[in-house]
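Close look at the chain arrangement
Given next are the chains, with one letter for each unit.
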Amino acid sequence: MVTQKGEPGKVAIIGAGVCGLISLRYAKESGHQCDVFEQTGEFGGTWVYTDNYGIDENGLPITRNLYQDLITNVPKEMMEFLNFRHSSDINESYITQPLVLKYLRDFADKFDLEKHIQYYSYVTKVEPHDDRWTVTVRDVKRKEERSECYDAVFICNGSFAHPRMPEVKGEKLFKGLLFHSCDYRSTTLFVNKRVLVVGGSFSAVDISRLIIPVAQKVYISHPKPLLINVENAILKPGVKELNEGGAVFIDGSKEDFDIIMYCTGYKHFYPFLTKECGITVEDSCVQYLYKHVINIERPTLFFIGIPTLVGAYINSDLQARFAVAFLDGKFNLPPKDVMLKEIQDHFKDLEHKNLPLRYFHNIGLELRAYMSDLCQISGIEPFPEVKIRIHEHVINTLVTCKRNTKYVIIDEEQFVEV
C-alpha cells in the first residue's frame, strides 16, 4: 500500500557518505524505515582512504579519491552537522582525513546508524511505479540482484565519484603517463619527472604543491589566473593539443612531459536512474530540481549534496531536513509552473553574467539566502549565525587564507581567528 503524505514510509538512500549518513539520521528520526545501499564495505564515502585506484576487487570503479598528506581546504567548524561538534580535543581548524572520518564514525555511533546500511550493495536501477519506486540492487560479492519498492529515494552517491575528463586533441598519441587526479595517491610517481597539471582549482593547487619538491619541473595549465598562487610552478595557458612527447598550448608554445594529470573536477552521474525518473544532466546541471533538492517531476526523489562552493556538512544537513520535512507533509510544493519559472530565471541570470551552465548549483556567498529559503519554506531550524559568518569569511578569503589559521567560536554569533 502506498503511504499517505505525512505518514512514515519506506525510504531508500543511495550512498553512505556524508550525505547518506545525515539523510539516514533525519529520515530514521522521523519514523521512516530506511535502507542505505553502499557499494563498498565501509561508510564514510570519499573520506575513507585507500591506496587503490581504478577498478576494485568486485569489478566496480573505485570512487574514493583522497591522497596522502591531505589537509581539509575548509576549517572543521564548517564541517559539522547541526548540534554535533568535533571533539574539543582537536585544536586545529584545518584537519587531516583520519580526524574527519572519526567525526563521521562518532556521528554514526551516536545516532545508531550503521545497522541500516547494506554493504556491498550496488544500485543498478531506480524506476518509478505510480507513486512509489522500484530500486534494484546488486550484491557485488554474490553477483545477485534483488528489487524492492520504496516510498521515497534519496540520491546521496556523492559529487566526487565520477571524474570529468576533457577531450583533448591528440591525447591518444601521448607516450607518457596520463590520468585524472582521482587516481593520485602520493608523490612517488613524480620523482624527477616533468609534470603537467591541467586545472586551476583546489586539487590542482594542492597536488602541485605536494609534488613540486620531488619533481623535476611542474607546469600548471589553466586558461584563467589561478585561485591561489603556487610557488615554483611554471604557469601555462590552456592546452591546444597533445603529441607523443607532451603538449602544445593555445599560445603556440610547446613542452615535453613525462606525466600529464587532469585536475578537471567531477561530474554528476546517475546511470541507475531510468528516463522515467524525469532527470537529465547537462554540463553538471541536474534538471530540474526545486531548491537543488526535490525532483519537480516526481517529488519523492531527492538529491542531497549537489551544490558547490558551500560547506558540504551545512548544506547536506539543511537539504536532508528539508527533504524529510516535505516527505512528512510539513509543507507543499508550489505549482510546477512556478518552480520551473524560478529555475528558468536562474538560467537567465547565469546567461546575463556570461557563466556556463555548470555554475547553476554554485551557492558560495548565497548560502545565507539559500538557508533562509529552505528554513522559511519548511520550518526547519537554521544553523547558528556564527556558522554562516565563518562560511562567508572563508569564501571571501580563499585566496589568502592559510591552513594554520584557527577559528574559535565565541558564541552563537561571533568567532575569532587565531
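Residues numbered from 1 in each chain as written. Predicted model: local features only at pLDDT ≥ 70, side-chain atom pairs only at ≥ 80, totals over all residues. Heavy atoms only, no water.

A closer look at the pairing of strand β12 (residues 239-242)
Where β12 meets strand β13 (residues 246-249), 3 bridges bridge the pair, whose relative direction is antiparallel. Looking across to β13, one finds that L242 is bridged to A247. (Pairing = 2+ DSSP bridges. Helix = DSSP H or I, 4+ residues; strand = E, 2+ residues; numbered from the N terminus.)

Remarks on helix α1 (residues 18-29)
The terminal C-alpha atoms of α1 lie 17 Å apart, and with 12 residues this matches the ideal 16 Å at 1.5 Å per residue to within 8%. Across the 12 residues of α1, 10 count as buried, placing the element largely inside the fold. For α1, the complete set of buried residues consists of V18, C19, G20, L21, I22, S23, L24, R25, Y26 and A27. Where α1 ends, the next residue or the one after it, G31, has phi of about 95°, a positive value. (Expected span 1.5 Å × (residues − 1). Buried < 20%, exposed > 50% of the residue type's maximum accessible area, 1.4 Å probe, protein only.)

With respect to the sheet that holds β12
The strand order across the open sheet formed by 3 strands is β12-β13-β14, and the pairing between neighbours is antiparallel. In this open sheet, the two strands that pair with only one neighbour each are β12 and β14 (254-256). Strand-to-strand twist of the sheet, defined as the mean angle between neighbouring strand axes without regard to direction, takes the value 25°. Both β13 and β14 contribute to a ladder of 3 bridges, which runs antiparallel. Its bridge partner lying in β14, V248 is registered against K254. (Axes fitted to C-alpha atoms, helices over the stretch in contact; angles between N-to-C directions.)

Description of a negative patch on the surface
Side chains of E381, D411, E412 and E413 sit close together on the surface and give a patch of like negative charge. Mapped onto the elements, E412 comes out in the loop between β21 (407-409) and β22 (415-417). Given a relative accessible area of 56%, E412 falls into the exposed group. (Patch = residues over 30% accessible without salt bridge, like charges linked within 9 Å, V, L, I, M, F, W, Y side chains within 5 Å. Areas by Shrake-Rupley, 256 points an atom, 1.4 Å probe, with all protein chains shown as cover. Salt bridge = Lys/Arg side-chain N within 4 Å of Asp/Glu carboxyl O. Lys, Arg positive; Asp, Glu negative; His and termini not counted. Charge placed at Lys NZ, Arg CZ, Asp CG, Glu CD.)

Some remarks on the packing of α1 against helix α4 (residues 312-327)
Axis separation between α1 and α4 bottoms out at 9 Å; the angle between their running directions is 35°. Here α1 and α4 pass one another in a crossing that is right-handed. Every residue of α4 that contacts α1 at V18, C19, I22, S23, Y26 and A27 is listed here: Y313, S316, D317, A320, R321 and V324. Each residue belonging to the contact of α1 with α4 can be placed in one class, and the counts come to 8 nonpolar, 2 polar and 2 charged. (Left-handed = near helix turned anticlockwise from the far one by under 90°. Contact = heavy atoms within 4.5 Å. Nonpolar A, V, L, I, M, F, W, Y, C, P; charged D, E, K, R; others polar.)

Here's the deal with the environment of I343
As for its position among the elements, I343 is in helix α5 (residues 336-352). You can call I343 buried: its relative accessible area is 6%. When the C-alpha positions of I343 and L289 are compared, they lie 8.1 Å apart, and in sequence the two are 54 residues distant. Dropping the residues within four chain positions of it, I343 is found in contact with Y288, L289 and F360.

Some thoughts on the nonpolar core
Counting 93 residues, the largest nonpolar core has W47, F154, V197, I294, F302 and Y313 as the members making the most contacts within it. Here this core gets 10 residues from one element, more than from any other, and that element is α4. Aside from chain neighbours lying at most four places away, what touches W47 is V18, L66, L70, T72, M79, Q97, V100, L101, L104 and Y313. Core analysis: the second largest hydrophobic core is formed by 21 residues, I14, F37, V137 and L289 among them. (Core = buried A, V, L, I, M, F, W, Y, C linked by side-chain atoms within 4.5 Å.)

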